[in-house]
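Residues per chain are reported as follows:
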Amino acid sequence: ILNVEQSPQSLHVQEGDSTNFTCSFPSSNFYALHWYRWETAKSPEALFVMTLNGDEKKKGRISATLNTKEGYSYLYIKGSQPEDSATYLCASYNAGNNRKLIWGLGTSLAVNP
Amino acid sequence: GAVVSQHPSWVICKSGTSVKIECRSLDFQATTMFWYRQFPKQSLMLMATSNEGSKATYEQGVEKDKFLINHASLTLSTLTVTSAHPEDSSFYICSAREGTRREQYFGPGTRLTVT
């Protein structure tokens, strides 16, 4: 059984704080790791697709790292803003799992002004 | 770019009736579309994958005769929940992928309530 776990489940930070959260995934037969940002009542927005061990990607104040050998990815937000409030989802794509994305439960981030 | 629309955004129906949900890619060709379901406090669960012009591939435990999927064009897929029952009440969300690209682009989802 393939499980993707995210921590923490929820997070409250003050505007201007930097924060990070974790996605853990099975490392065997790894193919790709996806990060999405999901605001309430909107479509999930694709942030990153990461495939290479040691990869680091950046989009504005958001960045992510990937460790495929130990099976984890970190998402960092620098200088959080209220508009960053959303649920951040990760999903793992492993070649052995019928080639489908397996999703974590997400980390719900609330940024207080 | 890469916008996916989904309609309706919410629907309430009576037990025994059928409900159709539409998923459209607005600015790209969706060669593959995915239908997910999410129950409260659970993760997105893939129901089925469809390629344009082909029959959908359903995940284990998903009844293909109950959840009818049609992907007749490169911009439209529909999910019909037939003879809906209260246990079918859930959040249904589609995503689309173009060719061999890795990204999936999501619609905003449909909240189905069966009374």
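Residues numbered from 1 in each chain as written. Chains lettered and ligands numbered in written order. Predicted model: local features only at pLDDT ≥ 70, side-chain atom pairs only at ≥ 80, totals over all residues. Heavy atoms only, no water.

Draft legend 1. Broad picture of the overall build of chain A. When its secondary structure is counted, chain A shows zero helices and eleven strands. For chain A, the α and β elements follow one another from N to C terminus as β-β-β-β-β-β-β-β-β-β-β. Rg of the C-alpha trace for chain A: 14 Å, near the compact-globule value of 13 Å for 113 residues, within the 12% margin. Taking the principal axes of its C-alpha atoms as reference, chain A extends roughly 45 × 30 × 20 Å. In chain A, which comprises 113 residues, the proportion classed as buried is 50%. By sequence separation, contacts in chain A at least 24 residues apart represent 53% of the contacts at least 6 residues apart. Separation of charge centres in chain A, based on 10 positive and 10 negative side chains, amounts to 8 Å. (Helix = DSSP H or I, 4+ residues; strand = E, 2+ residues; numbered from the N terminus. Rg over C-alpha atoms; globule rule 2.2 N^0.38 Å. Buried < 20%, exposed > 50% of the residue type's maximum accessible area, 1.4 Å probe, protein only. Contact = heavy atoms within 4.5 Å. Lys, Arg positive; Asp, Glu negative; His and termini not counted. Charge placed at Lys NZ, Arg CZ, Asp CG, Glu CD.)

Draft legend 2. Spotlight on the interface of chain B and chain A. Listed as interface residues are 17 residues of chain B and, on the opposing side, 17 residues of chain A. Both faces combined, the contact of chain B with chain A buries some 1400 Å², and carbon together with sulfur accounts for 63% of it. Considering only the side of chain B, the residues that lose the most area to chain A are Leu44(B), Arg102(B) and Phe106(B), jointly responsible for 38% of the buried surface there. Counting across the interface, chain B meets chain A through one salt bridge. Across the pair Glu59(B) and Lys100(A) runs a salt bridge whose closest N-O atoms are separated by 2.5 Å. For the interface between chain B and chain A, the tally reads five residue pairs in polar contact (both at pLDDT 80 or more). (Buried area = accessible area lost by both parts, 1.4 Å probe. Salt bridge = Lys/Arg side-chain N within 4 Å of Asp/Glu carboxyl O. Polar contact = N/O pair within 3.5 Å; in protein donor to acceptor, adjacent residues only side chain to side chain.)

Draft legend 3. Geometry of the pattern of salt bridges. Tallied over the entire structure, the rule returns nine salt bridges over all chains. A salt bridge links Asp88(B) to Lys66(B), with the nearest nitrogen and oxygen atoms 2.9 Å apart. Of this pair, Asp88(B) sits in the loop between strand E8 (76–81) and strand E9 (90–97) while Lys66(B) sits in the loop between strand E6 (57–58) and strand E7 (67–73), and the two are 22 residues apart along the sequence. An identical accessibility class is assigned to Asp88(B) and Lys66(B); each is buried. Between Arg101(B) and Glu103(B) there is a salt bridge, with its nearest N and O atoms 3.7 Å apart. Judged by its relative accessible area of 41%, Arg101(B) falls in the partly exposed class. Among the ionic contacts, a cluster of salt bridges with common partners joins Arg37(A), Glu39(A), Lys42(A), Glu45(A) and Lys59(A).

Draft legend 4. Seen up close, the environment of Lys20(B). Residue and element names in this part refer to chain B. Here lysine 20 is to be found in strand E3 (residues 19–25). Sequence separation of lysine 20 and histidine 71 is 51 residues, and the distance between their C-alpha atoms is 13 Å. Those residues in contact with lysine 20 that sit more than four places away from it in its chain are His7, Pro8, Thr78, Leu79 and Thr80.

Draft legend 5. How the structure looks around the side chain of Thr78(B). Residues and elements named next belong to chain B. Mapped onto the secondary structure, threonine 78 falls in strand E8. For threonine 78, a relative accessible area of 10% corresponds to the buried category. Discounting chain neighbours no more than four positions away, the residues touching threonine 78 are Lys20, Ile21, Glu22, Trp35, Leu68, Ile69 and Asn70.

Draft legend 6. Expanded view of the state of the cysteines. On inspection of all chains with the given rule, the structure shows two disulfides over all chains. Here Cys23(A) pairs with Cys90(A) through a disulfide, and the sulfurs are 2.0 Å apart. Taking the torsion about the sulfur-sulfur bond, which here is approximately 80°, the covalent link between Cys23(A) and Cys90(A) counts as right-handed. Remark: Cys90(A) occurs in strand E9 (residues 86–94) and Cys23(A) occurs in strand E3 (residues 19–24); sequence separation between them is 67 residues. Overall, the relative accessible area of 0% leaves Cys90(A) in the buried class. Linked covalently through their sulfurs, Cys23(B) and Cys94(B) form a disulfide whose S-S length is 2.0 Å. When the S-S torsion is 85°, as for the bridge of Cys23(B) with Cys94(B), the disulfide is right-handed. Taken as a pair, Cys23(B) in strand E3 and Cys94(B) in strand E9 lie far apart in primary sequence, 71 residues in all. The buried category is assigned to Cys23(B), whose relative accessible area is 0%. Taking the relative accessible area as the measure of exposure, Cys94(B) reaches 0% and is therefore buried. Distance from the sulfur of Cys13(B), which forms no disulfide, to the nearest cysteine sulfur (Cys94(B)) is 18 Å. Cys13(B) gets classed as buried once you look at its relative accessible area, which sits at 8%. (Disulfide = S-S within 2.5 Å.)

Draft legend 7. Spatial organisation of the sheet that holds strand E6 (residues 56–59) of chain A. All names here are of chain A. The strand order across the open sheet built from five strands is E1-E3-E8-E7-E6, with neighbouring strands paired in antiparallel fashion. Of all strands in the sheet, those with a lone pairing partner are strand E1 (5–7) and E6, marking the two edges. Adjacent strand axes in the sheet meet at a mean angle of 15°, parallel and antiparallel pairs treated alike. (Pairing = 2+ DSSP bridges. Axes fitted to C-alpha atoms, helices over the stretch in contact; angles between N-to-C directions.)

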